[in-house]
Amino acid sequence: MAVLPLVYLVVRSFERGGSVVWDVLARTRTAELALRSLTLAVSVTAACLVLGVLSAWLVARSDLPGRRAFGVLLVLPLAVPSYVAGFTWISVVPDLTGFAGAFVVLTLVSYPYVLLPVAAALRTADPSVEEVARSLGRTRRQVFFAVTVRQIRPAALAGGLLVALYVLSDFGAVSLMRYEAFTLGIYTSYRATFDRTPAAILGLVLVVLAIALTVGERRARGLVAHRGRRQPSAAPLGRARVPALAGTIALVLLTLGVPVVSLAWWLAAGTSTFSVTDVLATTGNTVAVSAFGALLTLLLALPVGILAARHQGRLARGVELAGFAGHALPGITVGLALVFFGIRFAPALYQTVPMLAFAYAVLFLPLAVGAVRTGVAHAPPVLEDVSRSLGHGRWRTGLRVTVPLAAPGVLAGTALVFLTCAKELPATLLLRPTGVDTLATELWTRTEVAAYAAAAPYAAVLLVVAAIPAVALDRFLLQDDSRR
Amino acid sequence: MSGLTVKRLVAGYGGDPVLREVDFEVQEGGLLAVLGPSGCGKTTLLRVLAGFHPASSGEVWLGERQLTADVPPERRGIGIVPQEGALFPHLSVAGNVGFGLRRGERGARVEELLDLVGLSGFGARMPGELSGGQAQRVALARALAPRPGVVLLDEPFSALDAGLREELRADVRATLRSAGATALLVTHDQEEALGMADLVAVLRDGAVAQLARPQTIYSSPADLGVALFVGEAVTFSGIARSGLVRTPLGTLPVSGEGHGTVLLRPEQLILGTDGVPSIVEDVLFHGHDASVLLRLADGTRVRSRVQGGVTGRAGDTVAVSVNGTALFFGDMP
Amino acid sequence: MRRRARIVTLAAALLASTLTACSSADDLIIYSGRNEQLVGALLDQLEDAVGIDVEVRYGGSGEMAAQLLEEGQGTEADVFFSQDAGALGAIGAQGRLAELPADVLGMVPENYQAKDRSWVATSARARVIAYDPRVVEESELPRTIEEVVDPKWKGRVGYAPANGSWQAFVTSVRVLKGEDFAKDWLKKFAANEPKRFDNNISILKAVDEGQLPFGLINHYYWYASAAEKGGEANMKAKLHRVGGGDPLALVNVAGVGIIQGSNQSEAARKAVRFLLSEQAQRHFADQTAEYPANPGVKSSKHQLPPITDLQSPDIDLSKLSSLQETVKLLQEAGLS
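Residues numbered from 1 in each chain as written. Chains lettered and ligands numbered in written order. Predicted model: local features only at pLDDT ≥ 70, side-chain atom pairs only at ≥ 80, totals over all residues.

The subject of this paragraph is the overall build of chain B. A tally of regular secondary structure across chain B gives eight helices and 20 strands. Viewed in the frame of its principal axes, chain B has a C-alpha envelope of about 70 × 45 × 30 Å. Looking at the 333 residues of chain B, the share that counts as buried comes to 40%. Intrachain contacts of chain B at a sequence separation of at least 6 include 65% that bridge at least 24 residues. (Helix = DSSP H or I, 4+ residues; strand = E, 2+ residues; numbered from the N terminus. Buried ≥ 20, exposed ≤ 12 C-beta atoms within 10 Å, placed from the backbone. Contact = placed C-beta atoms within 7 Å.)

To continue, consider the overall build of chain C. When helices and strands are tallied, chain C shows 14 helices and 11 strands. Counted over contacts in chain C with a minimum sequence separation of 6, partners at least 24 positions apart contribute 74%.

Time to look at the domain arrangement of chain C. Residue and element names in this part refer to chain C. What the domain assignment lists for chain C is domain 1 (3–124 + 252–305) and domain 2 (125–250 + 321–332). In this structure, domain 1 and domain 2 have C-alpha centres spaced 28 Å apart. Taken together, the contact between domain 1 and domain 2 spans 13 residues of the former and 10 residues of the latter. Top contributing element to the side of domain 1 that touches domain 2 by residue count: helix H5 (residues 85–93), with five residues. A class-by-class count of the residues in the side of domain 1 that touches domain 2 yields five nonpolar, six polar and two charged. (Domains from an automatic or database assignment. Nonpolar A, V, L, I, M, F, W, Y, C, P; charged D, E, K, R; others polar.)

Moving on, we come to the domain arrangement of chain B. Residue and element names in this part refer to chain B. By the assigned domains, chain B splits into domain 1 (4–228) and domain 2 (232–330). Taking only C-alpha atoms into account, the centre of domain 1 sits 37 Å from that of domain 2. Domain 1 puts four residues into the contact, and the matching count from domain 2 is five residues. Here the residues of the side of domain 1 that touches domain 2 sort into three nonpolar, no polar and one charged.

A word on the interface of chain A and chain B. Contacts between chain A and chain B engage 17 residues on the former and 18 residues on the latter. Sorting the residues of the side of chain A that touches chain B by element identifies helix H18 (381–389) and helix H19 (394–423) of chain A as the ones contributing at least two each. Here the side of chain A that touches chain B takes seven residues from H18(A), the largest share from any one element. Its residues assigned to classes, the side of chain A that touches chain B comprises seven nonpolar, six polar and four charged.

Let's shift gears to the packing of helix H14 (residues 276–310) of chain A against helix H15 (residues 314–327) of chain A. All names here are of chain A. Close contact between H14 and H15 brings their axes to 9 Å; oriented N to C, the two are set at 130 degrees. By the angle between their directions, the pair H14 and H15 is classed as oblique. Crossing handedness for the pair H14 and H15: left-handed. Two secondary-structure elements touch here, H14 through Val 304, Leu 307 and Ala 308 and H15 through Ala 316, Val 319, Glu 320 and Gly 323. Class assignment of the residues belonging to the contact of H14 with H15 gives a composition of five nonpolar, one polar and one charged. (Axes fitted to C-alpha atoms, helices over the stretch in contact; angles between N-to-C directions. Parallel < 35°, antiparallel > 145°, perpendicular 65-115°, else oblique. Left-handed = near helix turned anticlockwise from the far one by under 90°.)

Moving on, we get to the sheet that holds strand S19 (residues 317–322) of chain B. All names here are of chain B. On the basis of which strands lie adjacent, the open sheet formed by five strands has the order S15-S19-S16-S17-S18 and antiparallel pairing. Looking at the sheet topology across the chains shown, the edges are occupied by strand S15 (269–272) and strand S18 (301–307). Going across the sheet, the axis of each strand differs from the next one's by a mean of 45 degrees, ignoring polarity. Judged from the seven bridges that link them, strand S17 (residues 289–296) and S18 form a sheet pairing that is antiparallel. Bridge pairing links Leu 294 to Val 302 in S18. (Pairing = 2+ DSSP bridges.)

In the UniProt entry, the feature "domain: ABC transporter" (unreviewed entry) is given for residues 4–230 of chain B. Summarising residues 4–230 of chain B: 33% helix, 27% strand, and an end-to-end C-alpha distance of 24 Å. (UniProt positions renumbered as here; feature names shortened; annotations may be inferred.)

Among the two pairs of chains that make contact, the interface with the largest number of contacts is formed by chains A and C. Left apart from each other, chain B and chain C have a closest C-alpha approach of 34 Å.

A few words now on the packing of helix H17 (residues 353–377) of chain A against H19(A). Residues and elements named next belong to chain A. Taken N-terminus to C-terminus, the directions of H17 and H19 make an angle of 160 degrees; their axes are 7 Å apart at the nearest point. By the angle between their axes, H17 is roughly antiparallel relative to H19. The handedness of the crossing between H17 and H19 is right-handed. Of the residues in H19, those touching H17 at Tyr 360, Phe 364, Leu 367, Ala 368, Gly 370, Ala 371, Val 372, Thr 374, Gly 375 and Val 376 are Ala 406, Ala 407, Pro 408, Gly 409, Val 410, Ala 412, Gly 413, Thr 414, Leu 416, Val 417, Thr 420 and Cys 421.

Moving on, we get to the pairing of strand S8 (residues 214–218) of chain C. Residues and elements named next belong to chain C. For S8, a buried count of five out of five residues is recorded, marking the element as mostly surrounded by other parts of the structure. Burial of the side chains of S8 extends over both faces: Phe 214, Leu 216 and Asn 218 are buried on one face and Gly 215 and Ile 217 on the other. With five bridges joining them, strand S5 (residues 119–131) and S8 adopt antiparallel strand pairing. Note on S8: the bridge partner recorded for Val 128 is Ile 217.

Ranked by internal contacts, the top residues of the largest apolar core, which has 375 residues, are Val118(A), Ala359(A), Val79(C) and Ala130(C). If we ignore the near neighbours within four places in the chain, the residues touching Ala359(A) are Val334(A), Gly335(A), Leu338(A), Ala427(A) and Leu431(A). (Core = buried A, V, L, I, M, F, W, Y, C linked by C-beta atoms within 7 Å.)

All names here are of chain C. When the UniProt feature table is mapped onto this chain numbering, "binding site: Fe cation" (unreviewed entry) sits at Tyr 220 and Tyr 221. By secondary structure assignment, the location of Tyr 220 is in helix H11 (residues 220–228). Here Tyr 220 falls in the buried class, since 25 other C-beta atoms lie within 10 Å of it. Residue contacts for Tyr 220: discarding those within four places in its chain leaves Arg 125, Thr 288, Ala 289 and Glu 290. Here Tyr 221 lies in helix H11.

Looking now at the pairing of strand S14 (residues 258–264) of chain B. Residue and element names in this part refer to chain B. Note that strand S11 (residues 234–241) and S14 share seven bridges and pair antiparallel. Bridge pairing in S14 links Ala 240 to Gly 258. Sheet analysis places S14 next to strand S20 (residues 327–330), joined by four bridges and oriented antiparallel. Residue pairing across strands places Leu 263 opposite Leu 327, the latter belonging to S20.

To continue, consider unusual backbone geometry. All names here are of chain B. A positive phi angle, close to 45 degrees, is found at Arg 8, a residue other than glycine. Tracing the backbone through its elements, the reader meets Arg 8 in strand S1 (residues 4–13). A positive phi angle is found at Ala 86, which is not glycine, with a value near 50 degrees. Along the chain, Ala 86 falls in the loop between strand S6 (78–81) and helix H2 (93–97). Ala 86 gets classed as buried once you count the C-beta atoms within 10 Å, which come to 22.

The next subject is the sheet that holds strand S13 (residues 250–253) of chain B. Residue and element names in this part refer to chain B. The sheet built from five strands is open, its strands ordered S13-S12-S11-S14-S20 with antiparallel pairing. Each edge of the open sheet carries a strand with a single partner, namely S13 and S20. Strand-to-strand twist in this sheet, taken as the mean axis angle between neighbours without regard to direction, amounts to 35 degrees.

Another point: the confidence of the model for chain C. All names here are of chain C. Counting all residues, the mean pLDDT for chain C is 84, and 89% of those residues have values of 70 or more. The low-confidence segment residues 1–23, where pLDDT is below 50, has 40 contacts with residues more than four positions distant or belonging to other chains. Here the complex is predicted with pTM 0.77, and the ipTM for its interfaces comes to 0.82. (pLDDT = per-residue confidence, 0-100.)

In this section: helix H4 (residues 132–144) of chain B. All names here are of chain B. Taking 1.5 Å as the rise per residue, H4 with 13 residues should run 18 Å; its terminal C-alpha atoms sit 19 Å apart, in good agreement. Among the residues making up H4, those that are buried are Gln 134, Ala 135, Gln 136, Arg 137, Val 138, Ala 139, Leu 140, Ala 141, Arg 142, Ala 143 and Leu 144. Those residues of H4 that are buried lie in contact with S6, H2, helix H3 (106–116), strand S7 (150–154) and helix H5 (162–179). (Expected span 1.5 Å × (residues − 1).)

The structure is reproduced here in structure tokens:
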């Protein structure tokens, strides 16, 4: 299923013969765009790793004042679509364009991808390893780099991979910031030359980049840290308390303050009116479509995630890899692939909510697979063995043991997919039922003609809709789990 | 409760058999310890008995009922106590113990079992709030609750510290007795196996090397390997002629002839005024007894276990004599 | 329109509504690459004119052309309403557009329709220069494309490389002045370090905010921005119109075509006629400040000359879809 876009890309790439493929690949422009995208992806990922790990440590391990509230606020940027972040930043800092602009905007919206898994890892990692290191004469800082970083490396790298793939596939922020990235080549192909072949070939290049990154991450991931029985205690920040607090507040202001203030300004300054019933109806659509998408993604992710958590086989790795490849593709490519297959093989479903949900599943499967894998890891097989020895069959065991234990992680993943679906634009435009608008499409319609004031209510509601699952996500990952 | 019989059991992964023809029987209400080093097939044996892994051939009988491969774990009536307990983290202690019971019978039975394992009043606690020993008791109560035919205990004390282990062993043994449970304990700890079980099966390379009462295993091991595995030993190689063999501790009577190994337990080495002179190199005092490292005249080092009393100090010269009969294992031709 | 009703249905009973395709074969289905904000109100009135239910699907013209080509024969679309001639030309070239009736084509000047009768313009927009009078006088501004690449404008010109209108403009330079001239001009343009923008709106925004002396855009964005800002007087950026058939004055069109094989071709023809009617044409002129394609209609709001008076270069607009060479040229100049 995750392979559908790849099949489509191969079909479209080679429809005019291999020489066209070679021509497109051989253009210096192609290499240049790929390099620009990779540079951006690497820089943003590096920045997200630093920001994500630091903020995760502050909310999960330090005695930062108000760290629970910060835990929520620091995750909220996930709810900000990159194109909203883009146009609000431009309206606040008009000079922020090009690489710097794309770098800032993408870093600020995607660092929670690192923060979330790292905070969870910091909560569950065995603190005695750190204590041993301290007793051996290392300072707290040395311990952090020598021991803690090693413990959270798999989580941080997994988050970093999501960031890198997200940056590769992003079009909203790079186009607004006028940074010529690889996706721009793909879009130009559709918009300026109306030619799908070069777009498909460029899409294949993205797939190759994504696979390389995914394999690289897997090599570097290493072993998952040993889970401790105890909760680590909060580390006193001491003199670093004030700078840490100031930095955290600054981060929240940059990630949330800029969009919120900017939207408020547009709302107040604009003369356009908007209909509350329209906004409400659109919100209802968005919630319904995203919920459907999140549930379908979850259903498809469950077998893959369980396979990946329980069996380290070649099949599981292959399926996971295909999912990640899809994640690096821009929404338009996945959307067109489903147009191609949908109209031929499932015309009854074409341009219906199930088809749109399916597109979301292809796009966001890795987010859900990761969550399912983590969730299932909370339910070790030995517990299932015990349950069965106590007279419960496979299904009852699943229901009474595996599901309740894996549920929080799985639900968190579903929430993450939900908010990502709510933000999605290009595939939604292609595959939504005719006449059904979501917050993202209404926002696009208005920003395309510079009707920012008219767009602001939709952007504001989108932030709220996406923020609710973000808070839920956060509560699961950052709360003190006294029952463990 | 019923007895457990295993006949010519073979099982493995892929083409590699891990268990090759395992045979044993546990009497109803008995406690059999399966003792073996890691990798000998203990875990596979448990998984096959509990129904998590298929046997390649052989038979498993629970009383009059044969447990063929198509009997799933949930219909075997075999309870398990995994390493470190593996309590359900999302359920309370009472929820864990009552997990295998029907709704109606839970209340009273849960109380009864918590009482049995000495944890009355702990029902509302969550697993995270228990100590390791308490968690292990809850795991045992949980396994016993549905009155299984047999309870399998998989290294249940390995994660506990020594003092606690000792205490818990006695408690578990008493609990199993008073519950009238047939039990199979898997362990790599000889003290545990010998101390707890009615019968011990020494498992080696996927087969039962010896099945006997603990005293028999210790005093008359089937071969040198078993002898070395079940306890500390002092060994000398020598040649037995007419029932006698010369060792650095003197000439000892043995049963056997030809080249072989003489084996003594450290407690058979008596320190006193009679015997072969030796020099005390080190003394490890354990309280109830002490372990004395001795150097004999020819340089051989041997260990003696001494009950209380005077043990001397490093550098002292003492005389060593042998108490009881030495074991002799002839070399394989 | 039943759109709102359907939205409510969807929100209320998601499953029921998802099992059936939303648009039925009995409706007239329009794929609109034109923005809902610009034409939504007009298309809402279309239903009365065609007599059957109308469903409009909005998207970007380029993406919709790709979608129509992927959908092929299976498409449910009856009408494609495009933001530019290029997208129409691209799907027309694949035989996906049906021939329009003569009476429809007769309503629009010949140079604003496809030679193969597959599409017709509905409105036109002209390339203009948006400038910042705080920085440059209108009299200093370029009057020909040669003057645009004057070194004195180094780093001071804005353009939108991914925008269809920019690509069409470059194509017109090629078609009108020849490949060699175009190549040379692009080289000089690139050497002048022009500022790249995502679209016309960003250019206008930059000019209005004083970051850019002038940029090459379409005329009507200025009116849209003025409306958003509450009046033309609030606009700091001003418009400069070039004449004399120079490519800088290129007129591009939004247009409409009927999908080949549409099972609602009668309603589709009515829809096209409606878009060329006085009601619709006045809408374009008044609401979006575009030039009406039907020369008989005038704006009641903006000072717009009739389309026949535009000093546009003489060029076959269908050729603007043959963009492959243009893109190659742009790539060589490092401007795509």
